[in-house]
Amino acid sequence: METSTEGAARTGTDDSAEAAVPAGRTEAVAPAAAEAAGAAEAVAAVAGGRAAGVAAAVPPASLSPSRASDFMQCPLLYRFRVIDKLPEKPSEAATRGTLVHAVLERLFDAPATERTAPRAKSLIPGQWDRLRETKPEVVELFADDPEGERLARWLAEAERLVERWFTLEDPTRLEPAERELFVEARLDSGLKLRGIIDRVDVAPTGEVRIVDYKTGKAPRPEYAEGALFQMKFYALVVWRLKRVVPRRLQLVYLGSGDVLTYDPVIADLERVERKLLALWEAIRQATETGDWRPRPTKLCGWCDHQAVCPEFGGTPPPYPLPVREAGLSSAGGPARGAAAG
Ligand code: SF4
């Protein structure tokens, strides 16, 4: 098993395509709904309707929480993002999420006693400048706002989200072991998992807490399990990396002022691993056959790719990878049980 961790400057992604979450960092909605919808339907959706193409793109080599959720939500969406790498427009919500994450991360550069709400808010203009430099495409968000009124409202909302964090956590009493931690672990099966963890706290006793900030609102209770999927994914990676099961998983919802926690046990992580292996097998089969069926849901409203989606009268671009006939034997056989666990 190969494992690695390293610090990573967030650019709004936890893998190269992570920023493509439909509602940006209101991301709790998409994984939650995707989880609720279940992986089984996603696997079932990968059948028939292949498109021929030529070798040009690279098959997927690893899985992140967001891409796993993409596939569960809609296999065709996964294809557009991971295989075709179709461009997506930046959204105000996603960009604000990236900005707020950067501010919360940078605040921990200051001595503990100086980690105040005014200090945090004072970081916003500089981090916004930096974001525009590193991701010039975000500038277009406000291209039609010459007076800067919408930008001012957008920045004010970012301030509110940052302020709300201080009602949920006290950064003067926190000393994160890691911030924006890029993690990657290769399981014994060969599947490589990767992602970026917002914050890792380690208690003097050695207990590990994984924290993720969400700038959206907490999901309804029936979607809580879906929201925790990402956290269990990270817990699995940390378990594989450090051989320590995180004591607590904590989702901090700045949009609604809620904190969702879960204390995982090994059985949880083994279940997630089985589920991810089944998902990966389904993705591998779809990659080989070119069968990526659309799976329309209300989340299509957030999808940038309706123009090339058959569900909306569009035609996908030619499939850029070599394909084999669906039904021909493959090393792994048919995908089964992607909803394992
Ligand atoms: S519009 Fe809906 S069905 Fe089509 S690719 Fe996007 S998410 Fe999938």
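Residues numbered from 1 in each chain as written. Predicted model: local features only at pLDDT ≥ 70, side-chain atom pairs only at ≥ 80, totals over all residues.

## Observations concerning the overall build of the protein
Looking only at helices and strands, one finds 10 helices and six strands in the protein. Taking all 341 residues of the protein together, 42% fall into the buried category. Considering only residue pairs separated by 6 or more positions, the protein has 79% of its internal contacts joining residues 24 or more positions apart. (Helix = DSSP H or I, 4+ residues; strand = E, 2+ residues; numbered from the N terminus. Buried ≥ 20, exposed ≤ 12 C-beta atoms within 10 Å, placed from the backbone. Contact = placed C-beta atoms within 7 Å.)

## What to know about the pairing of strand β5 (residues 248-253)
With five of its six residues buried, β5 lies for the most part within the structure. As judged from the six bridges shared by strand β4 (residues 208-214) and β5, these two strands associate in the parallel manner. Within β5, the position partnered with V211 by the bridge is Q250. Direction of pairing for β5 relative to strand β6 (residues 258-262): antiparallel, over a ladder of five bridges. The residue bridging Q250 from the neighbouring strand is T261, located in β6. (Pairing = 2+ DSSP bridges.)

## Description of the packing of helix α3 (residues 65-73) against helix α4 (residues 75-83)
The contact between α3 and α4 brings their axes to 5 Å, and the two run at 140 degrees. As summarised for this structure, α3 and α4 are arranged oblique, according to the angle between their axes. Contacts between α3 and α4 involve R67, D70, F71 and Q73 on the former and, on the latter, P75, L77, Y78, R81 and V82. A per-class count over the contact of α3 with α4 returns five nonpolar, one polar and three charged. (Axes fitted to C-alpha atoms, helices over the stretch in contact; angles between N-to-C directions. Parallel < 35°, antiparallel > 145°, perpendicular 65-115°, else oblique. Nonpolar A, V, L, I, M, F, W, Y, C, P; charged D, E, K, R; others polar.)

## Quick notes on the nonpolar core
In globular proteins that are soluble, nonpolar side chains generally tend to be buried together. Counting residues in each nonpolar core, the largest one holds 64 residues, and the members touching the most others are V103, I210, Y234 and A235. A total of 11 residues in this core trace back to one element, the largest contributor, which is helix α9 (residues 224-242). Excluding anything up to four places from it in sequence, V103 contacts A120, L123, I124, Q127 and V162. (Core = buried A, V, L, I, M, F, W, Y, C linked by C-beta atoms within 7 Å.)

## Looking at the site of the ligand
Looking at the ligand, there are 14 residues lining it, with C74, P294, C300, C303 and C309 nearest. A breakdown of the residues in the shell around the ligand according to their chemical character gives 10 nonpolar, two polar and two charged. (Near = placed C-beta within 6 Å.)

## Things to note about the packing of α3 against α9
Two numbers describe how α3 lies on α9: the axes approach to 10 Å, and their chain directions differ by 135 degrees. Looking at the two axes, α3 sits oblique to α9. For the crossing formed where α3 meets α9, the hand is right-handed. Contacts between α3 and α9 involve P65, A68 and S69 from the former and F229, Q230 and F233 from the latter. Residue classes in the contact of α3 with α9 are distributed as four nonpolar, two polar and no charged. (Left-handed = near helix turned anticlockwise from the far one by under 90°.)

## Describing the confidence of the model for the protein
Should pLDDT be low for a region, the predicted coordinates there are not to be read in detail. Put simply, the protein has an average pLDDT of 84, and 79% of its residues get 70 or more. This stretch, residues 1-55, has a pLDDT under 50; its non-local contacts, to residues over four places away or in other chains, come to 173 contacts. Per-residue pLDDT stays below 50 along residues 330-341; that stretch engages in 30 contacts with residues further than four places along the chain or on separate chains. (pLDDT = per-residue confidence, 0-100.)

## A look at unusual backbone geometry
At K85, a residue that is not glycine, the phi angle is positive and equals roughly 50 degrees. If you trace the backbone, K85 turns up in the loop between α4 and α5 (92-107).

## A closer look at α3
Of all nine residues that make up α3, nine are buried, and the element is covered over most of its length. Along α3, the residues that are buried comprise P65, S66, R67, A68, S69, D70, F71, M72 and Q73.

## Quick word on α9
With 19 residues, α9 extends 26 Å between its outermost C-alpha atoms, agreeing within 8% with the 27 Å of an ideal straight helix rising 1.5 Å per residue. Helix geometry: α9 is bent most strongly at Q230, by close to 30 degrees. Most of α9 sits inside the fold, with 15 of its 19 residues counted as buried. Backbone geometry just after α9 places R243 at a positive phi near 60 degrees. (Expected span 1.5 Å × (residues − 1). Bend = angle between axes of the 7 residues up to and from the residue.)

## Examining the environment of G314
When you line up the elements, G314 lands in the segment after α10 (266-289). C-beta crowding within 10 Å serves as the criterion here: with 13 such atoms nearby, G314 is assigned to the partly exposed category. Discounting chain neighbours no more than four positions away, the residues touching G314 are Q306, A307, V308 and C309.

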